[in-house]
Amino acid sequence: MMTELTWWQVLKRVLAVPFILATVAFLILMVGISRWDFNSRHLHFSEPKLKAKVITVTSGGTWRSSNRSINLDWVTNPKYTSVKIINSKVQYHVGDTLVLNVIARDGIKRQKMYGGDYITAVLRDKVQNASTTGRVQDHGNGLYTVSFLLSFPGKVTPEVQLVHPSEAVQLLRKLREVPNKRSWSCVFKSKPEDVRANCTLLASRSLDLSGQCDFSVFNTSRTWFCAKPKGASCDSITKCTSLKDTVDKLLNSAERQLFERPFFRMNLTADTKGPIIVSDVNENTTVKRPLPFCHPRLQHSEYQGFWLRGTWHSLSCKVRQFSPLDITKCLTNRTVYFRGDSTLRQWIQRLGELKIMHPGHGDPYFRPYTNNRRQIQVTFKFHTVPIQVSAWFKFKNLSDSGVSNDIMKMIGGENVVLVLSLCSHFTAEPTHVYTSRMYELRSAIEQLHKKYPKTTVIVKTCNTRNHRHYREVVQMSDWLADQLNQEMRSILGSLNVAILDVWDMTVSQWYPYNIHPHEHVVDNELNMLMSYICPMMVKKCVILYFEIWYDDAI
């Protein structure tokens, strides 16, 4: 028996018909205009193709043709790129911000229509050996804003450098993802004589997997492949050394020019219209801001610090100057594990030179350092492959080696410190190689803190470095190292770890760039390290300073 419809139900059904028809028509129209492509899993939008006659200048630009030739007139040219102060004053004060405007122009003086240039900026006072790094903001249209926090009084000069034009950065980004740009020669024990085979971090595409020795550990970032040696078994591998890279095969002569002068590390001329004077009531005044003691999970500071008369002054947390005696007191009754690359080994060697610890027996690069009287134990281990060295290094079973394995075996505690640095040997590898290693480290650190929550974990960022030729630039550019810093911070930054940022310190240093910086820079890096390990010693120093100041004041 059918129920009689009310007048309201009849009205709704009558109105629904045109609404449904209008909705269907609208969807058909949208599909026709926007070319929606439906499939069972997702909606995919295809942009309408541009007509062939339309020429656009995008991040790809027209600087490069299909045959890989390069029109250098379209590349950012340091000669015509301008730098001007946009908040010019007769006199600035400590704590003010100096702002510069950079306009990127190409080889025929046209303003660039897209960003991506890699620019660094340092403000220097040569009289005081003072300097600080500026922040560079890319507006994506050829315009850049450089900001300096004026941290010390004096007569300062901005140094703005075009490290890479955006076109070189595009190539670097693409080349980074090319696997196996580097290879190694490894020795396999055999009779009557040892044999060698070429090895790569990732599986070789020129060989079948059946023709390769696979030393990789499943579900980890630790991978290694070698061509199967003739007359020797895969497990007879003993040692390896680096071979020449394949960068020459990846770049043509035109592309190579982008990684050499005048397109690499060129200073830009700044129109300052006279000296820049920074003054204050007290000529010894420096920028003041309330700083926390150094501890894990510190918020990343926009300005990391400044050099003044040879000393690095941190603007991220309270850092004091540690004498050799202070360092000895800080490390007393502590075990410190340094794991990673040779920049950490440089720290240990410097501690040995300062007579804080004494080297043990064995390999000079990997021997432990101790101070038995003070119960200080310090060890260093290199991370596992990739390792870029000209010397031979012992190849160890990847199942039992590596930083993450070491961390899993550690006995942590309140007096245990783990210091990590994995950087320079990874810049030549695809992104996934580094991020996978960082996620593996993250998992190991989480497990360490689950068992020993009071263990101090400190992660050092990359240093800047020198480059002897364009092949090193392609594989080890500071732009690549800067990417690793950002990736490391994004993966490890949320953990209970301290990120010891030395990037600005080495960008603005007074010595030539070097992956192993001058010992004066190392001493200031160690001040930061000790301030994280022993923040209470910094606190006592601050209290003592206040008491002295207060006594003098009254």
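What this report covers is the structure whose coordinates are included nearby. (Residues numbered from 1 in each chain as written. Predicted model: local features only at pLDDT ≥ 70, side-chain atom pairs only at ≥ 80, totals over all residues. Heavy atoms only, no water.)

### What to know about helix H5 (residues 324-331)
Which entries qualify depends on this criterion: Per-residue accessibility, obtained with a 1.4 Å probe over protein chains only, is compared with the maximum for each type, and a residue is labelled buried under 20%, exposed over 50%, and partly exposed between these values. Helix and strand assignments follow DSSP, with helices taken as H or I runs no shorter than four residues and strands as E runs no shorter than two, numbered in order from the N terminus.
Listing the buried residues of H5 in full gives Asp326, Ile327, Thr328, Cys330 and Leu331. At the C-terminal side of H5, Asn333 shows a positive phi close to 65 degrees.

### Observations regarding the packing of helix H2 (residues 166-176) against helix H10 (residues 478-492)
This is how it is decided: An axis is simply a line fitted to the C-alpha atoms; with a helix, the fit covers only the stretch in contact. Between two such axes, the angle follows the N-to-C directions and lies from 0 to 180 degrees. For any pair of crossing helices, the crossing counts as left-handed if the nearer helix is rotated counterclockwise from the farther one by less than a right angle, and right-handed if it is rotated clockwise. In what follows, a contact means two residues having at least one pair of non-hydrogen atoms within 4.5 Å. Side-chain classes are defined by residue name, with Ala, Val, Leu, Ile, Met, Phe, Trp, Tyr, Cys and Pro counting as nonpolar, Asp, Glu, Lys and Arg as charged, and the others, Gly among them, as polar.
The contact between H2 and H10 brings their axes to 11 Å, and the two run at 65 degrees. Between H2 and H10 the crossing geometry is right-handed. In this structure, H2 contributes Val169, Leu172, Arg173 and Arg176 to the contact, and H10 contributes Trp479, Leu480, Gln483, Leu484 and Glu487. Considering only residue class, the contact of H2 with H10 consists of five nonpolar, one polar and three charged.

### Overview of the sheet that holds strand S22 (residues 358-359)
The pairing of strands in a sheet comes from backbone hydrogen bonds and takes either a parallel or an antiparallel form. What counts is decided by this rule: Each pair of strands is called paired provided DSSP finds at least two bridges between the two strands.
Read from one edge to the other, the open sheet built from seven strands follows the order S22-S23-S24-S21-S26-S27-S28, with strand pairing classed as mixed. Edge positions in the sheet fall to S22 and strand S28 (498-500), since each has one partner strand and no second. Contacts between helix H12 (residues 519-533) and the sheet are confined to strand S21 (335-340), strand S26 (416-421), strand S27 (456-460) and S28, with S28 contributing the most and set at about 170 degrees to the helix.

### Description of the packing of helix H8 (residues 431-451) against H10
For the pair H8 and H10, interaxial distance at closest approach is 10 Å and the crossing angle is 30 degrees. Like other packed secondary-structure pairs, H8 and H10 cross with a definite hand, here right-handed. Facing Thr431, Tyr434, Thr435, Met438, Tyr439 and Arg442 of H8, the residues of H10 in contact are Leu484, Glu487, Met488, Ile491 and Leu492. Within the contact of H8 with H10, the residues separate by chemical class into seven nonpolar, two polar and two charged.

### Here's the deal with the state of the cysteines
Here is the idea: a disulfide is a covalent bond, and it sits between the sulfur atoms of two cysteines. We count it as follows: By definition, disulfides here are pairs of cysteine sulfur atoms that lie within 2.5 Å.
As enumerated under the stated definition, the model contains six disulfides in all. Each sulfur of the disulfide joining Cys330 and Cys534 lies 2.0 Å from the other. The sign of the S-S torsion, about 95 degrees, decides the handedness of the disulfide formed by Cys330 and Cys534: right-handed. Within this pair, whereas Cys330 is found in helix H5, its partner Cys534 is found in the loop between H12 and helix H13 (535-553), the two being separated by 204 residues in sequence. Cys534 shares its class with Cys330; the two are buried. If one numbers only the bonded cysteines of the chain, in the order they occur, the disulfide pattern is 1-6, 2-4, 3-5, 7-8, 9-12, 10-11.

### Remarks on the pairing of S21
The buried count for S21 comes to five of six residues, which makes it a mostly enclosed element. Here six bridges tie S21 to strand S24 (residues 376-382), and the two strands are oriented parallel to one another. Bridge pairing links Gly340 to Phe382 in S24. Alignment of S21 against S26, held across six bridges, turns out to be parallel. Bridge pairing in S26 links Thr335 to Val416.

### Description of the pattern of salt bridges
Operational definition: Salt bridges are defined as contacts in which a side-chain nitrogen from Lys or Arg sits within 4 Å of a carboxyl oxygen from Asp or Glu.
On inspection of all chains with the given rule, the structure shows 20 salt bridges. Note that Asp501 is salt-bridged to Arg489, the shortest N-O span being 2.8 Å. Of this pair, Asp501 sits in the loop between S28 and helix H11 (503-507) while Arg489 sits in helix H10, and the two are twelve residues apart along the sequence. A residue is classified by how much of its surface remains accessible, and Asp501, at 9% relative accessible area, is buried. Residues joined by salt bridges that share partners form a network here, namely Arg350, Glu353, Glu519 and Asp523.

### A look at the nonpolar core
Which entries qualify depends on this criterion: Definition used in this section: a nonpolar core is a set of buried Ala, Val, Leu, Ile, Met, Phe, Trp, Tyr and Cys residues joined via side-chain atoms within 4.5 Å.
Of all hydrophobic cores here, the largest spans 114 residues; its most connected members are Trp224, Phe259, Phe338, Ile407 and Leu529. Ranked by size, the runner-up nonpolar core spans 29 residues in total, among them Val146, Val287, Tyr303 and Leu308.

### Let's talk about the pairing of strand S12 (residues 195-200)
In terms of strand pairing, strand S11 (residues 184-188) meets S12 through five bridges, oriented antiparallel. Across the sheet, residue Val187 finds its bridge partner in S12, namely Arg196. Here S11 hands over to S12 after six residues, the two strands then running antiparallel side by side. Judged from the two bridges that link them, S12 and strand S14 (residues 225-227) form a sheet pairing that is antiparallel. Looking at S14, one finds that Thr200 is bridged to Phe225.

### A look at the environment of Val169
Looking at the secondary structure, you find Val169 in helix H2. Given the relative accessible area of 4%, Val169 is considered buried. Put simply, Val169 and Ser477 are 308 residues apart on the chain and 9.8 Å apart in space, counted from C-alpha to C-alpha. With residues up to four places along the chain from it excluded, the contact list for Val169 reads Gly116, Tyr118, His164 and Trp479.

### Brief notes about the packing of aromatic side chains
The relative placement of two aromatic rings is captured by the distance of their centres and the angle of their planes. In plain terms, the rule: Pairing of aromatic side chains here covers Phe, Tyr and the six-membered ring of Trp, requires ring centres within 6.5 Å, and sorts the geometry by plane angle: under 30 degrees stacked, over 60 edge-to-face, intermediate tilted. Only Lys NZ and Arg CZ are tested; either one counts as a charge over a ring when it is within 6 Å of the ring centre and within 35 degrees of the ring normal.
Enumeration over the complete set of coordinates arrives at eight aromatic pairs. Ring geometry for Trp224 and Phe395: centres 5.8 Å apart, planes at 35 degrees, overall tilted. Here the residue Trp224 occupies a position in the loop between strand S13 (212-214) and S14, and Phe395 occupies one in the loop between strand S25 (393-394) and helix H7 (403-409), the gap between them amounting to 171 residues. The residues Trp224 and Phe395 share a single accessibility class, namely buried. Aromatic pair Phe366 and Phe380: ring centres 5.9 Å apart, planes at 5 degrees, arrangement stacked. Taken together, the residues Phe366 in the loop between S22 and strand S23 (369-371) and Phe380 in strand S24 connect sequence positions 14 residues apart. Owing to a relative accessible area of 36%, Phe366 belongs among the partly exposed residues under this scheme. Each residue in the set Trp184, Phe215, Trp224 and Phe395 is aromatic and connected to the rest through ring pairs, giving one cluster. Sitting over the ring of Trp510, Arg124 keeps its end group 4.8 Å from the ring centre.

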